[in-house]
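Per-entry structural report
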Amino acid sequence: MSKKVRVRFAPSPTGPLHIGGVRTALYNYLFAKKHAGDFVLRIEDTDQSRYVEGAEKYIIDSLNWLSIPFDEGPGKDGGFGPYRQSERKHLYKEYAEELIASGNAYYAFDTTEELNEHRKYHESKGKTFIYNWHNRLKLINSLSLTSEETQAKFDRSENFVIRFKSPQDETLHLKDIIRGDIEIDSNTLDDKVLFKSDGMPTYHLANIVDDHLMEITHVIRGEEWLPSLALHVLLYRAFNWEVPQFAHLPLIMKPVGKGKLSKRDGEDGHFPIFPLEWKTENGTVLSGYREDGYLPEAVVNMLALLGWNLGTNQEIFNLKDLVEDFDLERVHKAGAKFDPEKTKWFQHHYLQKLNDSVLAEQFSKILNKKGVNTTLDITTVVSLLKERIVFVTDLWEQGEYFFVAPESYDEKASKKAFKTETPEILKNIVKLLKETDDFSSKSLDTIIKGWIASQEIGFGKVMMPLRLALVGEMKGPELFEIVSVLGKTEAISRIETAIEFLA
Ligand code: GLU
C-alpha cells in the first residue's frame with residue numbers, strides 16, 4: 001500500500017496572507033482531498049523578529065472563510081503536533097548536531113562585521129561573496145580551526161552558527177512535479193546557516209525536520225522557494241531520510257506590465273490582494289475580498305484557475321469539482337497573470353446562484369442602514385435587478401428608484417422622450433392605471449400596450465416618458481415589472497409629478 005498523502009501549508013505569520021499564499025493553501029487542500037490525504041497547517045514562526053500579532057488568526061480565518069479548512073494544525077492535533085515551530089524549538093538542536101557529527105555541517109564563528117567586510121571586499125572587485133567550498137577554509141569555523149581552537153571559542157561563549165557543508169563538484173539531479181528534471185551544479189550553492197546560537201533553527205532546518213517528522217509526502221509551495229530545493233534535497237540526503245515529492249507553483253503576476261503581483265498593484269488598481277481586510281500597525285486598512293463583498297466560491301474558483309486548468313474551456317469549478325479534477329501535472333510553469341476583471345466575472349456568476357430571498361435579506365440590511373422604510377416586496381426587487389449586479393451593494397445603485405421617487409429627469413433622455421404630446425399621453429396612462437386593480441406586470445402590459453395600439457402611436461412615445469417618470473433615467477428592468485412592484489398609488493403619483501414637471 002502506498003503511503004497516505006500528507007501535505008502542508010507552512011506560512012510564516014509575518015502579516016496578512018497574500019492571495020498567492022492563499023492559492024498555495026488551496027492547491028495543497030485540493031491535492032490532499034483528491035488523494036484522501038491530510039492537509040496540515042504549520043506555522044513557521046522561528047524568526048521572532050518578523051512575527052506579527054494576529055497573523056496566525058488571520059491565516060486560519062481566511063482558510064475557514066474559503067471553506068478550505070486544515071485537518072491538522074494549531075488547535076487541531078492529529079498526532080504530529082505541536083504545529084507552531086516556536087513550540088517545537090527544543091527539537092531542532094539535536095538534528096543540527098547530528099549533521100555536525102556526520103560531517104554534513106560545521107560551526108562557524110565569523111561575526112556579522114567580518115562577513116560584511118568580506119562582502120564589501122568582494123563587491124569592490126565586482127564579485128559576490130559566497131560562504132562555500134571555495135573559501136570556507138579561509139574563514140573562521142570548525143573546519144578551518146583546530147578542535148582546541150574551536151573548543152576555546154565555545155569556552156568563551158562566542159556566538160556561532162551551524163552551517164551546512166554543501167558538496168563540491170557534484171551535479172545534483174532534482175525533480176519537480178511541475179517543472180520536471182532540474183540540474184544544479186553544487187559548486188553554486190552556499191553553506192546556508194541552519195542553526196543560530198540563540199537556539200533557534202533557520203527556516204531551512206526547521207522546515208525539513210518538520211516535513212520529515214510530520215510525514216509530509218508532497219511539498220507544494222510557491223516558486224520563490226525553488227532556489228532552496230537543492231539545499232533541502234541535500235538535507236534529506238544528509239539525514240538519510242526519504243525525500244518528499246516537490247511541486248513549485250508559478251508566480252502570480254501583475255495584471256498589466258511585468259513582474260510579481262504586489263500590494264501596490266492592488267492599491268493602484270483598486271482590487272484586493274488579501275482575502276480578508278487587514279489593519280496595519282499604522283492604522284491603514286488593506287481591503288479584503290470578504291469585506292469588499294466577494295463570495296468565497298468566486299475567490300476559490302478564480303484562484304484555482306490562476307496557474308491551473310483542466311485542459312478544456314471549462315472555467316466554472318466549485319470546490320467539489322476542483323477536488324475531483326485538480327491535478328498537479330496540469331499546473332503551469334509560467335507565471336499566471338492576475339486578472340481582477342475575471343474575478344468580478346466569477347463573482348457575478350456565483351452571485352446569480354444565490355437565492356433571491358438570501359439576497360433580499362442582505363439588501364434589507366443595506367436599506368435599513370440607509371434609513372429606507374419600505375413596504376415594497378424586496379425579494380421581487382432583487383429578482384428584477386440580480387442579473388445586473390456583481391455585488392449585493394450594487395442593488396442600491398441599480399435600484400434606488402424603487403425606494404426613492406426621482407427628483408429630476410436625465411437631461412439627455414428628457415430631450416428625446418418628453419414631447420408636446422407627452423402630458424396628454426401620461427394622463428391617459430394614469431387613467432388606465434386608476435381603472436385597473438390587477439397590477440400584475442402581465443395584465444399591465446396587456447392593458448397599456450392594447451391602449452397604445454388602439455391609439456396608433458409609437459411605443460417609444462409612451463414607454464420612454466413613462467420610464468423617465470418612474471425611474472428618472474432610461475435604465476432598469478422591464479417597465480411593467482417596475483410599475484407592478486411600485487404599486488398603484490406610487491406609480492400614479494410619480495407619473496403625476498412628471499406631468500406637473502412638464503406643465
Ligand atoms: N515558511 C515558508 C513561507 O513562508 C514556507 C515555505 C515552504 O512551504 O517550504 O512561505
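Attention in this report is confined to the structure presented alongside it. (Residues numbered from 1 in each chain as written. Predicted model: local features only at pLDDT ≥ 70, side-chain atom pairs only at ≥ 80, totals over all residues. Heavy atoms only, no water.)

**Comments concerning the layout of surface pockets**
For the record, the criterion: A pocket, in this scheme, is an open set of points on a 1 Å grid over the protein atoms alone with protein on both sides within 12 Å along at least 5 of 7 lines, while a cavity is a set where a 1.4 Å probe fits but cannot get out; residues line either one if an atom lies within 4 Å of a point. Grid points are joined across faces, edges and corners, and a volume is the space filled by probe spheres set on the points. For the purposes of this entry, the term helix denotes a DSSP run of H or I that reaches at least four residues, the term strand denotes a run of E that reaches at least two, and both are numbered from the N terminus. Note that Gly is not counted as nonpolar here; it falls among the polar residues with everything else outside the nonpolar set of Ala, Val, Leu, Ile, Met, Phe, Trp, Tyr, Cys and Pro and the charged set of Asp, Glu, Lys and Arg.
In this structure, the largest pocket occupies an estimated 1,000 Å³ of space. Together, 39 residues line the largest pocket, and Pro11, Ser12, Thr14, Glu224 and Trp225 are the ones closest to its centre. Of all the secondary structure elements, the ones that give two or more residues to the lining of the largest pocket are β1 (6-9), α1 (19-34), α6 (203-213) and β8 (218-222). Its residues assigned to classes, the lining of the largest pocket shows 16 nonpolar, twelve polar and eleven charged.

**Re the site of the ligand**
Convention followed: One heavy atom within 4 Å of a molecule or strand is enough for the residue carrying it to be called near that molecule or strand. For the purposes of these results, a polar contact is taken to be a pair of N or O atoms within 3.5 Å, where, inside protein, one atom must be able to donate a hydrogen and its partner to accept one; residues adjacent in sequence count only when each atom of the pair is a side-chain atom. Working definition of accessibility: Shrake-Rupley area with a 1.4 Å probe, residue cover restricted to the visible protein chains. Molecule-in-pocket calls rest on the fraction of atoms, with more than half required to lie within 2 Å of the cavity or pocket grid points.
Near the ligand the following residues occur: Arg8, Ala10, Ser12, Glu44, Tyr203, Asn207, Arg221 and Trp225. Contacts to the ligand include serine 12, whose side-chain N or O atom sits 3.1 Å from a nitrogen atom. A distance of 2.9 Å separates an oxygen atom of the ligand from a polar side-chain atom of arginine 221. Starting from 300 Å² of accessible surface for the ligand in isolation, the protein chains cover 84%. Judged by its atoms lying within 2 Å of the grid points, the ligand is housed in the largest pocket. Grouping the amino acids of the shell around the ligand by side-chain chemistry returns three nonpolar, two polar and three charged.

**Notes on the pairing of strand β2 (residues 38-41)**
What counts here: Accessibility here uses a 1.4 Å probe with only protein chains present; expressed as a share of the type maximum, an area under 20% marks a residue as buried, one over 50% as exposed, and anything in between as partly exposed. When DSSP locates at least two bridges between a pair of strands, those strands are taken to pair. The crossover handedness rule: strands pointing away from the viewer, path from first strand over the helix to second strand clockwise, crossover right-handed.
Burial along β2 is two-sided: Asp38 and Val40 and Phe39 and Leu41, pointing in opposite directions, are all buried. Pairing between β1 and β2: four bridges, direction parallel. Paired with arginine 6 across the two strands is aspartate 38, which belongs to β2. Following the chain from β1 across α1 to the adjacent parallel β2, one finds a crossover that is right-handed.

**So, the side chain of threonine 436**
Basically, it comes down to this: Working rule for contacts: check all heavy atoms of both residues, and any pair within 4.5 Å makes them a contact.
With respect to the helices, strands and loops of the structure, threonine 436 is situated in the loop between α16 (422-435) and α17 (441-455). A polar atom in the side chain of threonine 436 sits 3.1 Å from the backbone nitrogen of aspartate 438. Setting aside residues up to four positions removed in sequence, threonine 436 forms contacts with Ser443, Leu444, Ile447 and Lys488.

**Structural notes on the side chain of glutamine 347**
Looking at where glutamine 347 falls in the secondary structure, it is placed in helix α11 (residues 340-352). For glutamine 347, a relative accessible area of 0% corresponds to the buried category. Contacts of glutamine 347, omitting those with residues within four sequence positions, involve Gly293, Tyr294, Leu295, Ala298, Val390 and Phe391.

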